[in-house]
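Structural characterization, general
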Amino acid sequence: MVLKTFGWSFAITALGLVAAVLYGGWEAFGIVAILCVLEISLSFDNAVVNAGILKKMNAFWQKIFLTIGVLIAVFGMRLVFPVVIVAISAKIGPIEAVDLAFNDAERYEQLVTDAHPSIAAFGGMFLLMIFLDFIFEERDIKWLGWLERPLAKLGKIDMLSVCIALIVLLISAMTFATQAHQHGGVHVDKAATVLLSGVAGLITYLVVGGLSGYFENKLEEEEEHEHELEEEAKRSGKKVSAVQLAGKAAFFMFLYLEVLDASFSFDGVIGAFAITNDIVLMALGLGVGAMYVRSLTVYLVRQGTLDDYVYLEHGAHYAIGALAVILMVTIRYQIPEVVTGLIGVALIAWSFWSSVRRNKALAAAEGKADASDKTEVSSGV
């Protein structure tokens, strides 16, 4: 099972490391390995959240996620995305941006650094909305009950998550971006850029998430209706299916997953510049890491891990909230990538440990109940 799920990831790892050695020797090998670990640690929470969505799809769409989705994630976000943001922020053509990436690494890194406030605001707002919508939703299973119960009650207020996200965006713009930066002898105010990018991230979440939720609800309704039609078909001898609607629902959930992955990729791409300026090594390291994230997502789905360890999804969403806050703070302050990665891993590990404790407690309770039943039976006999 492990080899079947992670086989491609193992193969890509070997090819990536060999390519690194051929490209830049053993030093390049080490850089790619570090980038791979960085990407996995920063994106583990992404895999957990992705699994919660992917388990609603059939095997066909899971394969699409592992094929086309990988191409989008590896080549789109890990290679094309840095070039695109440089081209947009520096107001240069894509070809010129590629030339900078390969021939003037220091200038390329500077341009990406200058674009970081807009990237952080967009990604921060998108991830913050995911976190807020999660904690404001009433759910049967609660991890941190003392916190989640009152928040679930507050969540009954319409549009509360949007209001809080906009307040956070305004505070971030005024606190982190209004201080002018000296750039080439000219004071540059990033507040307008942060506000615009943050609103764009919020709109992206509302549009993509709204469409995904709409078609997901439609799919559930149609499945119920289809079940009724199948019962009727057994009596009349007719067959009815709802393939088209299922396709729409799966497509928009797939689109939602890709946008979610893109948002998670922001910190990994920016953080990679702290390790290397070489776009080739960056693409190799982050690309290999992205493959493991994809494989881990499918592994969690097929093993039913989310059903066995019920707090994992909670831990992942708290990690998303932490990452959203970190992204907003990095508009002005630099935070080591290892800190960002460790926070996410720590929250995931904590939720996993809590799930294990819960399972043991439930098993112990069931054992006592069974023992009590046996005692009553023997007493009756």
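Residues numbered from 1 in each chain as written. Predicted model: local features only at pLDDT ≥ 70, side-chain atom pairs only at ≥ 80, totals over all residues. Heavy atoms only, no water.

1. Considerations on the packing of aromatic side chains
Applying the stated criterion across every chain, the model contains five aromatic pairs. Considering the side-chain rings of Trp 26 and Phe 29, the 5.3 Å spacing of their centres and the 65° angle between planes classify their relative orientation as edge-to-face. Highlighted residues: Trp 26 and Phe 29, both in helix H1 (residues 2-54), separated by three residues, approximately one helical turn. A relative accessible area of 65% places Trp 26 in the exposed class. Under the relative-accessibility criterion, Phe 29 is labelled partly exposed at 28%. (Phe/Tyr/Trp six-rings, centres within 6.5 Å; stacked < 30°, edge-to-face > 60°. Helix = DSSP H or I, 4+ residues; strand = E, 2+ residues; numbered from the N terminus. Buried < 20%, exposed > 50% of the residue type's maximum accessible area, 1.4 Å probe, protein only.)

2. Section: the packing of helix H5 (residues 116-135) against helix H12 (residues 312-329)
Where H5 contacts H12, the axes come no closer than 8 Å and their chain directions differ by 145°. H5 and H12 meet at a crossing whose hand is left-handed. Residues Ala 120, Ala 121, Gly 123, Gly 124, Met 125, Leu 127, Leu 128, Ile 130, Phe 131, Phe 134 and Ile 135 of H5 pack against Glu 313, His 314, His 317, Tyr 318, Ile 320, Gly 321, Leu 323, Ala 324, Leu 327 and Met 328 of H12. (Axes fitted to C-alpha atoms, helices over the stretch in contact; angles between N-to-C directions. Left-handed = near helix turned anticlockwise from the far one by under 90°. Contact = heavy atoms within 4.5 Å.)

3. Looking at the environment of Ile 92
Residue position: Ile 92 is located in the loop between helix H2 (59-90) and helix H3 (94-103). Taking relative accessible area as the criterion, Ile 92 reaches 19% and is therefore assigned buried.

4. Description of empty space enclosed by the protein
In this approach, a probe sized like a water molecule rolls over the atoms, and the result shows the empty space that is left. The final tally for this structure, using the stated rule, is two cavities of 30 Å³ or more. Considered as a void within the structure, the second largest cavity measures approximately 50 Å³ in volume. The wall of the second largest cavity is formed by Phe 134, Ile 135, Glu 137, Glu 138, Arg 139, Lys 142, Glu 148 and Ala 152. Of all elements in the fold, only H5 and helix H6 (145-154) reach the threshold of two or more residues within the lining of the second largest cavity. Here the residues of the lining of the second largest cavity sort into three nonpolar, no polar and five charged. (1 Å grid on protein atoms, 1.4 Å probe; cavity = no way out; pocket = protein on both sides within 12 Å on 5 of 7 lines; lining within 4 Å. Points joined across faces, edges and corners; volume = space filled by probe spheres on them. Nonpolar A, V, L, I, M, F, W, Y, C, P; charged D, E, K, R; others polar.)

5. Describing the nonpolar core
Counting 64 residues, the largest nonpolar core has Leu 127 and Ile 135 as its most contacted members. Ranked by the residues each element gives to this core, the list is headed by H5, at 12 residues. The residues touching Ile 135, leaving out its near neighbours within four places in the chain, are Glu 148, Leu 151, Ala 152 and Tyr 318. Judged by nonpolar contacts, the second largest core, of 20 residues, contains Phe 81, Ala 101, Tyr 108 and Val 112. (Core = buried A, V, L, I, M, F, W, Y, C linked by side-chain atoms within 4.5 Å.)

None of the figures reported here should be taken as evidence of function without further support.
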